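Structure assessment
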Amino acid sequence: MSRFLIVTLPLTGHAFRALAVADELSARGHQVAWCGPENYFRPLIGPDATLFPTGTRFFRNQAGHGIAALKSLWQEYVIPIARFMLPSVSRAVRAYQPDIVVVDQHALAGALAAHRHGLPWATLVTQAMELTHPLAALPRVDAWVRAQIASLCRGADVTDPGFDPLFSPYLVIAFTTSALAGEQPFPGHFALVGPAMLERPGEFAWDLLDPARRKVLITVGTLAIGAAADFYQRAAAAVAPLRGTVQAIIAGPPELVPDPPGNVLVVPSVPVLALLPRLDAVISHSGMNTVSEALAHGVPLVLAPIRHDQPVVAAQVVRAGAGIRVPFGRVSPGQLRQALVKVLDDPSYRRAAMGIRDSFAAAGGAAAAAARLENWPHGGAGR
Amino acid sequence: MTADDLAEALATATGDDSLLSAGISAATRLEGDLFLDSLDLVALGALLRDRYGPAVDLVGYVAGLDIDEIIGLTVGEVAGYVNREAR
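Computed from a prediction, not measured in an experiment: that's the story for all the values here.

Observations concerning helix 3 (residues 66–96) of chain A
All names here are of chain A.
- Its maximal kink placed at Leu86, helix 3 deviates by approximately 40 degrees, while the proline Pro87 follows within four residues.
- What helix 3 keeps buried is the set Gly66, Ile67, Leu70, Leu73, Val78, Ile81, Ala82, Met85, Leu86, Val89, Ala92 and Val93.
- Positioned one or two residues after helix 3, Gln97 has a phi angle of 50 degrees, which is positive.

Structure below.
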């Protein structure tokens, strides 16, 4: 039995991957403790789980797109939250004495604390911004990001030139596969395990679904609600003329689409994993979570990426042939309808999505991640 | 090449005719105002190369910019680059 300390961020796409892996570790008899804001994690992990609270810090300026959004992500969230969390994470590491620290790739405080205490640590790659190094095409932007990270490390008195808080030198677990991320020679300590999935809470009135029509989920995830109203209204207008053959479910506050067409349900939250087996397509902002869950069910996508790694994910899906990309800000209802009809009617998109589904199933997901963690390569785990 | 020429090239490269009536001027920012991303730039770069010759390498030009220059990149700056490099 080993002791694992999980350090992640209070964001759905990050936290739910770690939760799925933690469930697997616990089921195998290991001890798991958490480090993060109590108000976010306590309801997810239950009253009895061990949690070392870090306090809460919000990403206030979650807006914009493109390189400007990337800059604010690093400057106003990833780096400040790492500085903010580091003292708490260091205390947690000392108090809990874990065998292995399991660190979300963008929860840099976990990597710094583990390194400073000489503990082995693993990286959980829960998004697509770093794994395939898409910023290589913009070398001066890449250099700017590296400079932010280097400054953070210096401030934490970590000056080893080989230390990179984004990638553990021991074990990097990425929740994707080469079928999606693209074939490339990853180092031997990289494990591409496919998505680790865990249902989010959400009630759903199943009797509202019409078995005779094809069903489409429309979602921009949990972080983009500010930009959602306009997009959801265009999406509702896009599917309205398809009322004879298509029923759409929009995941979001009903007031965002005040007067939806008859073939559009607007519901505040959906149990995505329960819904996916019944879906024929997903229209999404191209968040890694939504996309990999859809592909794990062989469901093709229309993707309207907004920011951060979303354009990277969309490009991967398009390259794999499992979806079509449209411009989030500019796509008209007519263009969106055209793209949707194409992924619904052209079987090549579903075929490609099923190919990725098969690669995900073979990769093993959360169970494979847990197996890699408990069979720690450097003898750090296990007492 | 003028701002209007670039607006037309953008509409052609992205297949988005709404860009023609978007009131594009030299001061319009590609990312901040037009929501263009790296894939749009690749498409625009290919079209500009076809029209203005192989010396026009938009992707290479953007790769040489720093983070704030990319964020603030305007239609006028791209048109100026094309005019400098075009045969």
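Remarks on the nonpolar core
Residues and elements named next belong to chain A.
- The biggest cluster of nonpolar side chains holds 153 residues, and the ones touching the most others in it are Val102, Ile250 and Val302.
- The leading source of residues in this core is helix 3, at eleven residues.
- Here Val302 is in contact with Ala281, Ile283, Gly323, Ile324, Val326, Leu336, Ala339, Leu340 and Val343, once residues within four sequence places are set aside.

Section: the environment of Val267 of chain A
Residues and elements named next belong to chain A.
- Tracing the chain through its elements places Val267 in strand 10 (residues 264–267).
- Given 16 C-beta atoms within 10 Å, Val267 falls into the partly exposed group.
- Taking the C-alpha atoms as reference points, Val267 and Pro253, 14 residues apart in sequence, are found 6.6 Å from one another.
- Leave out the neighbours within four places in its chain, and Val267 touches Phe204, Ile249 and Ala251.

Let's talk about the domain arrangement of chain A
Residues and elements named next belong to chain A.
- Domain parsing of chain A yields domain 1 (3–194 + 364–374) and domain 2 (206–361).
- The centre of domain 1, based on its C-alpha atoms, is set 28 Å off from the matching centre of domain 2.
- In this complex, domain 1 contributes 24 residues to the contact, which on the side of domain 2 involves 21 residues.
- Those elements giving two or more residues to the side of domain 1 that touches domain 2 turn out to be helix 1 (12–27), helix 3 and helix 6 (178–181).
- The leading source of residues in the side of domain 1 that touches domain 2 is helix 3, at four residues.
- Broken down by class, the residue content of the side of domain 1 that touches domain 2 amounts to twelve nonpolar, twelve polar and no charged.

Brief notes about the sheet that holds strand 9 (residues 246–251) of chain A
Residues and elements named next belong to chain A.
- Spatially, the six strands line up as an open sheet ordered 10-9-8-11-12-13, and their pairing is parallel. Every other strand in the sheet has two partners, leaving strand 10 and strand 13 (323–325) as the edge strands with one partner each. Averaged over all pairs of adjacent strands, the angle between strand axes in this sheet comes to 15 degrees, irrespective of strand direction.
- Here five bridges tie strand 8 (residues 214–219) to strand 9, and the two strands are oriented parallel to one another.

Notes on the sheet that holds strand 6 (residues 171–174) of chain A
Residues and elements named next belong to chain A.
- Pairing is parallel across the open sheet formed by seven strands, whose spatial order is 3-2-1-4-5-6-7. Two strands close off the open sheet at either side, each with one partner strand: strand 3 (50–53) and strand 7 (190–192). Each strand axis lies, on average, 20 degrees off the axis of its neighbour in the sheet, ignoring direction.
- For strand 5 (residues 121–125) and strand 6, the ladder comprises four bridges, and the chain directions are parallel. Bridging from a neighbouring strand, Val125 pairs with Ala174 of strand 6.

Digging into unusual backbone geometry
Residue and element names in this part refer to chain A.
- Even without being a glycine, Gln97 presents a positive backbone phi close to 50 degrees.
- Position of Gln97 among the secondary structure elements: in the loop between helix 3 and strand 4 (100–104).
- Residue Gln97 is classed as exposed on the basis of its C-beta count, with 11 C-beta atoms lying within 10 Å.
- Although it is not a glycine, Ser286 sits at a positive phi angle of roughly 75 degrees.
- Here Ser286 falls in the buried class, since 29 other C-beta atoms lie within 10 Å of it.

So, the pairing of strand 1 (residues 3–7) of chain A
Residue and element names in this part refer to chain A.
- Counting buried positions along strand 1 gives four out of five residues, so the element sits mostly inside the fold.
- A crossover links strand 1 with its parallel partner strand 2 (residues 31–36), the connecting element being helix 1, and its sense is right-handed.
- In terms of strand pairing, strand 1 meets strand 4 through four bridges, oriented parallel. Residue pairing in the sheet places Leu5 in a bridge with Val101 of strand 4.

Let's talk about the packing of helix 1 (residues 3–14) of chain B against helix 2 (residues 38–52) of chain B
All names here are of chain B.
- In contact at an axis separation of 9 Å, helix 1 and helix 2 are set at 115 degrees when each is read in the N-to-C sense. In terms of orientation, helix 1 and helix 2 fall into the roughly perpendicular class. Remark: the crossing between helix 1 and helix 2 carries right-handed chirality. Mapping the contact onto sequence places Ala9, Leu10, Thr12, Ala13 and Thr14 in helix 1 and Asp40, Ala43, Leu44, Leu47 and Leu48 in helix 2.

Re the packing of helix 3 of chain A against helix 4 (residues 108–116) of chain A
Residue and element names in this part refer to chain A.
- Running from amino to carboxyl end, helix 3 crosses helix 4 at an angle of 40 degrees, the nearest separation of the two axes being 7 Å. Put simply, helix 3 runs oblique to helix 4. Crossing hand, helix 3 versus helix 4: right-handed. Taken together, the residues of helix 4 that come into contact with helix 3 (itself represented by Val78, Ala82, Met85, Leu86, Val89, Ser90 and Val93) are Leu108, Ala109, Gly110, Leu112, Ala113, Ala114 and Arg116.
- In terms of residue class, the contact of helix 3 with helix 4 is built from eleven nonpolar, two polar and one charged.

Thresholds applied
Chains are numbered independently. Their residues run from 1 in the order of the written sequence. In the order they appear in the text, chains get letters beginning with A and ligands get numbers beginning with 1. The model is predicted, so local features are restricted to residues of pLDDT at least 70 and side-chain atom pairs to those at 80 or more, both for listing and for counting; the totals for chains, interfaces and linings are taken over all residues. At any given residue, the bend is defined as the angle formed between two axes, one fitted to the seven residues that end at that position and one fitted to the seven that begin there. Put simply, DSSP marks the helices as runs of H or I at least four residues long and the strands as runs of E at least two long, and each gets a number from the N terminus on. With C-beta atoms placed from the backbone, a residue is buried if 20 or more other C-beta atoms are within 10 Å of its own, exposed if 12 or fewer are, and partly exposed between those counts. Throughout this description, the term nonpolar core refers to a group of buried Ala, Val, Leu, Ile, Met, Phe, Trp, Tyr and Cys residues whose C-beta atoms join them within 7 Å. Contact between residues is assigned whenever the C-beta positions, reconstructed from backbone atoms, fall within 7 Å. Segmentation into domains, and thus their bounds, comes from an automatic or database assignment. When residues are sorted by character, Ala, Val, Leu, Ile, Met, Phe, Trp, Tyr, Cys and Pro go into the nonpolar class, Asp, Glu, Lys and Arg into the charged class, and all the rest, Gly among them, into the polar class. Strands are treated as partners if at least two bridges between them are detected by DSSP. In this analysis, axes come from line fits to C-alpha atoms, helices being fitted only over the stretch in contact, and the angle between any two N-to-C directions falls in the range 0 to 180 degrees. Look down the strands so they point away from you; if going from the first strand over the helix to the second traces a clockwise path, that crossover is right-handed. Orientation categories follow fixed angle ranges, with anything under 35 degrees roughly parallel, anything over 145 roughly antiparallel, 65 to 115 roughly perpendicular, and all other angles oblique. Crossing handedness follows the turn of the near helix against the far one: under a right angle anticlockwise gives a left-handed crossing, and clockwise gives a right-handed one.

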